[in-house]
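Structural description and commentary
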Amino acid sequence: MSFKKFQLNEKVLAGVTAAGYKKPTPIQDQSIAHIMDGRDVMGLAETGTGKTAAFVLPILQRLMQGQRGRIRALIIAPTRELSEQTHEAILQLGLKTKLSSATIYGGVSVVNQINKLRSRVDIVSACPGRLLDHIGRGTIDLSSVEVLVLDEADHMFDMGFLPEVRKIVKHLPAHRQTLLFSATMPSEIRSLANDLLSDPVNIQIGNSAPVMTVSHKFYPVQTEQKTALLKDILKKTDTQSVLVFTRTKSRAKSLAEQLNRGGHNATSLHGNLTQQKRKQSLDGFRDGRFEVMVATDIAARGIDVSRISHVINYDMPSTAEAYTHRIGRTGRATKTGDAFTFITGQDAELLRSLKKLLGDKWQYQNVDGLTVSPSVCESMGTRAGQLTRPGGNGRKLFSSRTPSARRPQGRSFKDADRIFWSPRAQQAV
Ligand code: AMP
């Protein structure tokens, strides 16, 4: 079934054709008509499923009617990269519409943003912090917003942005359409949705499991052999663009440097870089100048590089959800991709969760002289009742016998771990 069934304005449809979309993805199929009807939508969708176009197309359609030059659609996202990507999707799909789109995020000149906002803007893609800054300065007028989109809401929660989001919403007209997209549905997001959405249509795509066009291979390895294993894989595997994840900013930087010294064209993407350097890395990775990009989770969140053939978890992610997000960078839309994960003796806990999550879709991979027996990784990790940081330095978080009252905020181990290692707490990204 083609996009014609939505009876989109011909200028909007022209953007769909220019983007090369032949038929709607499931999330688009299930949500576009409802959004065009003005309904609130809560979309539980995997990464890479085409959810950006699912909300951008109905927004463009709505904005073809009515006055131009006032902010009528506001999209809030957790990272600059995601805001930038949404902005680019608006430019691509809205090519013929003459609607104007702007981005608002930190790390770049506020003056340029103010100038852009003073000119006529119809759609704004923003990160919460800088948006609140503009609200405080009185440099943005949100009184005409008709559609609010909260994208990757679970990640905004992980980053501690929900209080900011609630503050921003107070500055928007009460009568509006609200769309919320999230890959997972923690209770905090459910309660945000209850507060902000009115009689929403609930759409769930794929039960938030990792993209199934991806194959999942696990390499049991000693920590000190990881770099040699990575180099071996890069040498022997037929790859296009490879995204490598590390846990810390410094490791992302040093690993990219090591790969460069080893003859690879590698770059890094992490929170210590200026916005300009981040853009250079990302643009170079996108257009193929860099074959490898080594990144931390936050920096890589929302990256849409269609040519990524392999995601390599040099360091294990901290949660199964983070795994889903990482490997969502490959196998986007209908393409296939491979996810390789290095596991050490400290990753046993998470390995068990991932095996459960992936069912029969995963396998161990052996490389002579570089990998170790899987049993080494399966049997370790929670020695003497201690929880250790997955993939990390074995630092003790708290003992399993610690009374719940003394665990951070009295939460379960899983939640506490998530908070302890949250990007904001750790500044690890
Ligand atoms: P998203 O989940 O919105 O980040 O989209 C993931 C990728 O799928 C992007 O590269 C989109 O350009 C692409 N995409 C979105 N909708 C379609 C479609 N209907 N057909 C083919 N590709 C699509």
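The text that follows walks through the structure, step by step, so that each part is easy to find. (Residues numbered from 1 in each chain as written. Predicted model: local features only at pLDDT ≥ 70, side-chain atom pairs only at ≥ 80, totals over all residues.)

1. Side note on helix H11 (residues 249-261)
A rise of 1.5 Å per residue sets the reference length of H11, with its 13 residues, at 18 Å; its end C-alpha atoms lie 19 Å apart and thus fit the reference within 8%. Among the residues making up H11, those that are buried are Lys-249, Ala-252, Leu-255, Ala-256 and Leu-259. An end-on view of H11 places all buried positions within 135° of arc, on one side of the element. Where the residues of H11 are buried, they touch helix H10 (226-236), strand E9 (241-245), strand E10 (266-269) and strand E11 (292-295). At the exit of H11 stands Gly-263, carrying a positive phi of roughly 95°. (Helix = DSSP H or I, 4+ residues; strand = E, 2+ residues; numbered from the N terminus. Expected span 1.5 Å × (residues − 1). Buried ≥ 20, exposed ≤ 12 C-beta atoms within 10 Å, placed from the backbone. Arc of directions from axis to C-beta. Contact = placed C-beta atoms within 7 Å.)

2. A short note on the sheet that holds strand E2 (residues 73-76)
Read from one edge to the other, the open sheet built from seven strands follows the order E3-E4-E2-E5-E6-E1-E7, with strand pairing classed as parallel. Of all strands in the sheet, those bounded by a partner on one side alone are strand E3 (101-104) and strand E7 (201-205). On average, adjacent strands in this sheet sit at an angle of 15° to one another, irrespective of strand direction. Pairing between strand E1 (residues 41-45) and strand E6 (residues 177-182): four bridges, direction parallel. Bridging across to E6, Met-42 finds its partner in Leu-180. (Pairing = 2+ DSSP bridges. Axes fitted to C-alpha atoms, helices over the stretch in contact; angles between N-to-C directions.)

3. Focus: the environment of Gly-15
Looking at the element boundaries, Gly-15 is found in helix H1 (residues 10-19). A residue is classified by how many C-beta atoms lie within 10 Å of it, and Gly-15, with 24 of them, is buried. Between the C-alpha atoms of Gly-15 and Leu-57, which are 42 residues apart in sequence, the distance is 9.1 Å. Aside from chain neighbours lying at most four places away, what touches Gly-15 is Gln-92, Leu-93, Gly-94, Leu-95 and Lys-96.

4. A look at the sheet that holds E9
Ordered in space as E10-E11-E9-E12-E13-E8-E14, the seven strands form an open sheet in which the pairing is parallel. Only two strands of the sheet have a single neighbouring strand rather than two, namely E10 and strand E14 (362-364). Put simply, the sheet's adjacent strands are angled 20° from each other on average, direction ignored. Examined bridge by bridge, E9 and E11 share four bridges and lie parallel to one another. Bridged to Phe-245 within E11 is Ala-295. Running over the sheet, helix H12 (residues 275-286) touches E9, E10 and E11 and is turned about 135° from E10.

5. Here we look at helix H2 (residues 26-36)
If you check which residues of H2 are buried, you get Ile-27, Gln-28, Ser-31, Ile-32 and Ile-35. For H2, the arc enclosing every buried residue in end-on projection is 115°, short of the 170-degree limit, so these residues lie on one face. Along its buried surface, H2 packs onto E1, helix H3 (51-63), E6 and E7. Of the residues flanking the end of H2, it is Gly-38, one or two places downstream, whose phi is positive at about 90°.

6. Side note on unusual backbone geometry
Of note, Gln-7 is a non-glycine position whose phi angle comes to about 50°, a positive value. Mapped onto the secondary structure, Gln-7 falls in the segment before H1. Residue class for Gln-7 comes out exposed when judged on the 11 C-beta atoms lying within 10 Å of it. One non-glycine residue, Glu-152, lies in positive phi territory at about 50°.

Nothing here speaks to function; it is all geometry.
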